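Structural features, examined
Listed here are the chains, written in short residue letters.
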Amino acid sequence: MTETVTRFAPSPTGHLHLGHAHSALFGWRAARMAGGRFLLRIEDIDAGRCRPVFESDLMDDLAWLGLDWDGPVRRQSDHFDDYRAALARLQALGLVYPCFCTRKEIAAEAARAGQAPHGPDGLLYPGTCRHLPESLRAERLAAGGPYALRLDVAAAKALAGPLRWHDRAQGWQEAAPEILGDVVLARKDTPTSYHLSVTVDDDLQGITLVTRGQDLFFATHLHRLLQALLGLAVPDYHHHGLLVNERGERLAKRDGARSLRTLREAGHSPAEVRAMAGFPD
Ligand code: GLU
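The shown structure was predicted, so the numbers you read here are calculated from the model rather than taken from an experiment.

Parameters and conventions
Residues numbered from 1 in each chain as written. Predicted model: local features only at pLDDT ≥ 70, side-chain atom pairs only at ≥ 80, totals over all residues. Heavy atoms only, no water. Axes fitted to C-alpha atoms, helices over the stretch in contact; angles between N-to-C directions. Helix = DSSP H or I, 4+ residues; strand = E, 2+ residues; numbered from the N terminus. Parallel < 35°, antiparallel > 145°, perpendicular 65-115°, else oblique. Left-handed = near helix turned anticlockwise from the far one by under 90°. Contact = heavy atoms within 4.5 Å. Nonpolar A, V, L, I, M, F, W, Y, C, P; charged D, E, K, R; others polar. Pairing = 2+ DSSP bridges. Disulfide = S-S within 2.5 Å. Buried < 20%, exposed > 50% of the residue type's maximum accessible area, 1.4 Å probe, protein only. Phe/Tyr/Trp six-rings, centres within 6.5 Å; stacked < 30°, edge-to-face > 60°. Lys NZ or Arg CZ within 6 Å of the ring centre and 35° of its normal. Near = heavy atom within 4 Å. Polar contact = N/O pair within 3.5 Å; in protein donor to acceptor, adjacent residues only side chain to side chain. Areas by Shrake-Rupley, 256 points an atom, 1.4 Å probe, with all protein chains shown as cover. Core = buried A, V, L, I, M, F, W, Y, C linked by side-chain atoms within 4.5 Å.

1. Quick notes on the packing of helix H6 (residues 153-160) against helix H8 (residues 217-230)
Between H6 and H8, whose axes approach to 10 Å, the crossing angle comes to 60 degrees. When the interaxial angle is binned, H6 and H8 end up oblique. Judged by the twist between their axes, the crossing of H6 over H8 is left-handed. Residues Val-153, Ala-156, Lys-157, Leu-159 and Ala-160 of H6 lie in contact with H8, whose contacting residues are Leu-225, Ala-228 and Leu-229. Looking at the contact of H6 with H8, its residues break down into 7 nonpolar, no polar and 1 charged.

If you want it as structure tokens, here you go:
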């Protein structure tokens, strides 16, 4: 039997809150109960939003909570070459195109088309730049402005053929990556995106069971497609429910009152905070 390897992959853009604690404990327990390994990965590709202090603070918070992790911590900003190589492979397959649209233009284009198709992550990209003539593309690239690199999801799906993935709570799923539209894989100044780096890293780190919140369930459809295109291993998945506050809203980083730091400073013990995060001892 293969060893169970899970991970917790926070972005150091703020302090950890109870929702993160739930997710970390969920992954940690899945690994430890199976006698497997639990890894920590720092998802810090967004240099504008990530801060080193949040990285050291989150490690401190996890240790205080009673969590330990195996092996070295992988920091995504140290591995841009891995993501560049994956992106180049997708480009060589002819599945990536530059998109010059601003957010405003995307919204206006969708409205003009008389519809505003929404995916689980908001407005779906209407495909404006997908079939730009090559000469216009070259001209706009040469002009030096910002652009995103998008996946032509229909072409990618046609190339990969039908795919499935498995969620431990929700069973087998037919991969439907088109529900996210032509997602951004990289930008002019950043050679990767959440979707690309998380998929590459889960393979590189030998993750066998991806545990994460239900908010990322739809992203897994796309990750399964990227795995097929890049020849990566396919882990098992377990998307867990999200913790909500008293008003029934999903916990967010801005909900500072519930940060682990605040709870700790208010005198709560690790066991109490584990219980608040849904894991009573
Ligand atoms: N870095 C992501 C987040 O903080 C989690 C990624 C994942 O677990 O796939 O939401």
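2. As for the sheet that holds strand S3 (residues 74-75)
Spatial ordering of the open sheet is given by S1-S2-S3, a layout of 3 strands whose pairing is parallel. The sheet terminates laterally at strand S1 (5-8) and S3, the two strands that pair on one side only. In the sheet, strand S2 (residues 37-42) pairs with S3 via 2 bridges, with the strands oriented parallel. Looking across to S3, one finds that Arg-41 is bridged to Arg-74. Relative to S2, helix H2 (residues 52-65) is tilted by about 155 degrees, and along the sheet it contacts S1, S2 and S3. Contacts between helix H7 (residues 194-204) and the sheet are confined to S1, S2 and S3, with S2 contributing the most and set at about 145 degrees to the helix.

3. Some thoughts on the state of the cysteines
Note: disulfide means a covalent bond formed between the sulfur atoms of two cysteine side chains. Applying the stated criterion across every chain, the model contains 0 disulfides. Cys-101 supplies the cysteine sulfur nearest to Cys-99, a cysteine that is in no disulfide, at a spacing of 4.0 Å. Taking the relative accessible area as the measure of exposure, Cys-99 reaches 2% and is therefore buried.

4. Comments concerning the packing of aromatic side chains
Two descriptors summarise a pair of aromatic rings, namely the distance from one centre to the other and the angle between the planes of the rings. Overall, the coordinates contain 5 aromatic pairs when judged by the stated rule. With a centroid separation of 5.7 Å and 85 degrees between ring planes, the pair formed by Phe-217 and Phe-218 is classed as edge-to-face. What makes Phe-217 buried here is its relative accessible area of 7%. Of the aromatic side chains, those joined through ring pairs into one cluster are Trp-165, Phe-217, Phe-218 and Tyr-237. A cation over a ring is seen here: Arg-150 above Tyr-125, with NZ or CZ 3.7 Å from the ring centre. A cation sits over an aromatic face here: Arg-164 above Trp-172, 4.4 Å from the ring centre.

5. Here we look at the site of the ligand
Around the ligand, a shell composed of Arg-7, Ala-9, Pro-10, Ser-11, Glu-43, Tyr-194, Val-198, Arg-212 and Leu-216 is seen. Residue Arg-7 places a side-chain N or O atom 2.6 Å away from an oxygen atom belonging to the ligand. In the environment of the ligand, an oxygen atom lies 2.9 Å from a nitrogen or oxygen atom belonging to the side chain of Arg-212. Protein burial of the ligand: of its 300 Å² of free accessible surface, 77% is covered by the chains. Residue composition of the shell around the ligand, grouped by class: 5 nonpolar, 1 polar and 3 charged.

6. Let's talk about the nonpolar core
Core analysis: the largest hydrophobic core is formed by 31 residues, its most contacted members being Leu-90, Leu-151, Leu-185, Leu-196, Leu-225, Leu-226 and Leu-230. The dominant element in this core, judged by the number of residues it contributes, is H8, at 6 residues. Apart from the residues lying within four places of it in its own chain, the contact partners of Leu-90 are Leu-95, Val-96, Leu-185, Leu-196, Leu-226, Leu-229 and Leu-230. Leu-16, Phe-26, Ala-31 and Ile-42 belong to the second largest nonpolar core, which has 23 residues in total.

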